[in-house]
Amino acid sequence: MSQSQSGFGHHLASRLLGLIPTLLMLITIAFFMMRMAPGGPFDSEKALPPEIRANLDAKYHLDEPLLQQYFRYLGQIVTLDFGPSFQYKDWTVNELIASGFPVSLTIGGLAMVLAFFVGTLVGIFAALRQNSAVDYAVMGVAMLGISIPGFVVAPLLILICAVYMGWLPAGGWEWSITYMILPVVTLALPVVAYIARLTRGSMIEVLHSNYIRTARAKGLPEHVVVRRHALKPAMLPVISFMGPATAGLITGSVVVERIYSIPGLGSYFVQGALNRDYTLVMGVVIFYGVVIVLLNFIVDMLYAWLNPRIRFEEG
Amino acid sequence: MAGSALKSLFGMEPRNSPGADDPFASVFAVPDIPGRSLWKDAGHRLLKNRAAVVSAVVMFLMLLAVVFGPMFLQWEGDFTDWDNTASPPSLQNGHWLGTDAVGRDILVRTLEGGRISLLVGVVSTLVSLLIGITYGSIAGYYGGVTDRLMMRMVDIIYALPFMFFVILLMVIFGRHIILIFVAIGAVNWLDMARIVRGQTLGLKNTEFIEAAQACGVSDAAIISRHIVPNLLGVVMVYVTLTIPQVILVESFLSFLGLGVQEPMSSWGALVNDGAQDMESAPWTLIVPAAFLAVTLYCFNYIGDGMRDALDPKDRA
């Protein structure tokens, strides 16, 4: 047991070290892509007098050699400082992230919780009735959920729930449940569908395994077989999907926040992209990149910890 | 998206006969029955999958409509019919699916937008195919340190938020249509590279590759003449699954205003236009949204069907 524990610690440490090149790569790609761009952030406005232009460049260190700028930026990132925003003159990128992220996190977190519970329940339900009409209907709807993008679902939901029925606000943001329902549902739908399909598939596979046959042969009632024996191994693929699901939710939030005019990080990102606000766009990409990389890491660890078939024997 | 499922499928040896290590195999073997080849078998199973067949027929009709439809309809995509602005679907004025706020025919615009959406889907998939096959087959064929370095690189890039990089690319290089092809393809090749590498690893120790090496054929020729042609079947399945993803990405970009620009249009851009007017003219939203949804739905079913058909685990 203790050996297996130290093996897990070893695994954890090596994976943690492996994160460093990933993060470095993330920052490097983001930085050089932004600097390859033809035209700077101050080009779109009226032609500036050269002295002012020089001052601006000096202030934002745009006059230094590229490599020096890169290492300066790297140094800033290490101290968690994303610098000032080019467009929102009085804001730093840190402040923008601090104001937008709680909103995005709330919507995304709620969507994830909703997707996890509804998705697994639906998936198990369909798996227990494999190849029945109910199964086909549920999986057909799930395929619909995967196929129809959020930016189609969202306007339709607004049209039905807000414009025609008047049940919920069509957009905007307040910290109240009525403003959260539509965005959360829109964001969760494809994830619900995907988790349902995953759960169904892995549940069916598990239910065909030998130890389940043994459990049934012992005369255990079906619900005990499912709950006590089949559920945990069937959840493993869903756990490992949590990483990609988070990435999907973050991407989806860009659209959802825009449609429902929610002042989250995704809205800032699109606005920044349209305005060529380099520091903001880079800051958000790096911030979300780090979030995704860390979450993937946590999910990996969780998976290794939950899966009894993975043992960390050394040697 | 479907990476893990694909891996579990394509990671196994396709021609592994089930009884190879079974000492009783010769006792039970019935030599006179002609063997079922993997591909014939798969084709048979695909045809039995009604959802996939129906989807394929629908997609074929969609393709015909998108390519030839605008030639036979009486309106031009950019013609503004000022007598019939924001007209609901009607047979009398000839705008079968209505017009938008400036009187452009929705049906024609949707079909023309479909040309762009499908074109992006196919071309970007080809770009990702090209990069993925080259990268994956080189990594798989050379193996060792090269392989480990190259695949570690893929792992790293895999962890990055890819949609954000497409947006970044669009911001930097402007919103030209060619760039959309390249940008989407350039970030979408990772799955392809992984699958191709896995297949190449299995292929490179086979006798015909050894024979080619013994004849002194160069590595480049072995990869392009002997390895890549043997990957195409597997790759085809993956292509059907990639096309809807790519169409989705393009519509996503266009919806945000970062994709194709006026006067060109795509389904994503049309959905965006429609969403602005949906309270007064909901058909401007519903028509392109329906075309997009049907296409994605069908492609997903075809891809799923092909994958299931090739999965030997399911064999009854």
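Residues numbered from 1 in each chain as written. Chains lettered and ligands numbered in written order. Predicted model: local features only at pLDDT ≥ 70, side-chain atom pairs only at ≥ 80, totals over all residues.

Quick look at the overall build of chain B
Keep this limit in mind: Runs of H or I in DSSP of at least four residues are treated as helices and runs of E of at least two as strands, each being numbered from the N terminus.
When you go through chain B residue by residue, the secondary structure sums to 13 helices and 0 strands. The helix and strand sequence of chain B, counted from the amino end, reads α-α-α-α-α-α-α-α-α-α-α-α-α.

Considering the overall build of chain A
For clarity, the cut-off: Counting other C-beta atoms within 10 Å of each residue's C-beta, where C-beta atoms are placed from the backbone, gives the exposure class: buried for 20 or more, exposed for 12 or fewer, partly exposed between.
Summing up its helical and strand segments, chain A has 11 helices and 0 strands in all. Along its sequence from the N terminus, chain A presents helices and strands in the succession α-α-α-α-α-α-α-α-α-α-α. Scored against the burial criterion, the 315 residues of chain A give a buried share of 35%.

Considering unusual backbone geometry
Residues and elements named next belong to chain A. The phi angle at Asn131 is positive, at roughly 65°, despite the residue not being glycine. Here Asn131 shows up in the loop between α4 (93-128) and α5 (133-147). With 9 C-beta atoms counted inside 10 Å, the residue Asn131 sits in the exposed group. With a phi angle near 40°, Ser261 is a residue other than glycine that sits in the positive phi range. Relative to the helices and strands, Ser261 is located in the loop between α9 (222-259) and α10 (265-275).

Observations regarding the confidence of the model for chain B
All names here are of chain B. Threshold: pLDDT is a residue-level measure of predictor confidence that goes from 0 to 100. The contact rule is simple: place each C-beta atom from the backbone, and if two of them lie within 7 Å, those residues are in contact.
Considering every residue of chain B, the mean pLDDT works out to 77; 84% of them sit at 70 or more. Per-residue pLDDT stays below 50 along residues 1-22; that stretch engages in 17 contacts with residues further than four places along the chain or on separate chains. Note on residues 312-316: pLDDT is under 50 here. Beyond four places in sequence and across chains, it has 1 contact. Reported confidence for the predicted complex is 0.72 by ipTM and 0.75 by pTM.

Brief notes about the interface of chain A and chain B
Condition: Here the term charged refers only to Asp, Glu, Lys and Arg, the term nonpolar to Ala, Val, Leu, Ile, Met, Phe, Trp, Tyr, Cys and Pro, and the term polar to all other amino acids, Gly among them.
Every contact between the two is made by 35 residues of chain A and, on the other side, 30 residues of chain B. Those elements that provide at least two residues to the side of chain A that touches chain B are α1 (2-36), α5, α6 (150-164), α9, α10 and α11 (278-306) of chain A. When grouped by side-chain class, the residues that make up the side of chain A that touches chain B number 28 nonpolar, 5 polar and 2 charged.

Describing the nonpolar core
To be explicit about the condition: To define a nonpolar core, we join buried Ala, Val, Leu, Ile, Met, Phe, Trp, Tyr and Cys residues through C-beta atoms within 7 Å and take the resulting set.
With 154 residues, the main nonpolar core has A:Ile195, A:Val281, B:Val166 and B:Val271 as its most contacted residues. With sequence-adjacent residues up to four places away left out, B:Val271 is seen in contact with A:Phe151, A:Val152, B:Ser251, B:Phe255, B:Leu285, B:Pro288, B:Ala289 and B:Leu292.

Some points on helix α5 (residues 106-142) of chain B
Residues and elements named next belong to chain B. The following threshold applies: Take the residue count of a helix, subtract one, and multiply by 1.5 Å to get its expected span.
Helix length check: α5, at 37 residues, gives a terminal C-alpha distance of 53 Å against a target of 54 Å (1.5 Å per residue), a fit within 8%. Burial runs high along α5: 26 of the 37 residues are buried. One or two positions beyond α5, positive phi appears at Gly143, with a value near 60°.

Description of α10(A)
A:Leu265, A:Gly266, A:Ser267, A:Tyr268, A:Phe269, A:Gly272 and A:Ala273 are the residues of α10(A) that are buried. Its buried side turned inward, α10(A) meets α4, α9 and α11 of chain A together with α7 (162-173) of chain B.

Concerning the confidence of the model for chain A
Averaged over all residues, the pLDDT of chain A equals 81, while 92% of them reach at least 70. Mean pLDDT across the elements of chain A bottoms out in helix α2 (residues 50-59) of chain A (74) and peaks in helix α8 (residues 210-217) of chain A (90).

As for the packing of helix α11 (residues 219-255) of chain B against helix α12 (residues 267-276) of chain B
Residue and element names in this part refer to chain B. Selection rule: Lines fitted to C-alpha atoms define the axes here, with helix axes fitted over just the stretch in contact, and angles between the N-to-C directions of these axes take values from 0 to 180 degrees. Oblique is the label for any angle not covered by the other classes, which are roughly parallel (under 35 degrees), roughly antiparallel (over 145) and roughly perpendicular (65 to 115). Helix crossings fall into two classes, left-handed where the near helix is turned counterclockwise from the far one by less than a right angle and right-handed where it is turned clockwise.
The geometry of α11 relative to α12 is characterised by a closest axis approach of 7 Å and an angle of 40° between their N-to-C directions. Regarding the angle of α11 to α12, the classification is oblique. Crossing of α11 over α12 shows right-handed handedness. Where α11 approaches α12, its residues Glu250, Ser251, Phe252, Leu253, Ser254 and Phe255 are matched on the opposing element by Trp267, Gly268, Ala269, Val271 and Asn272. Its residues placed into classes, the contact of α11 with α12 shows 6 nonpolar, 4 polar and 1 charged.

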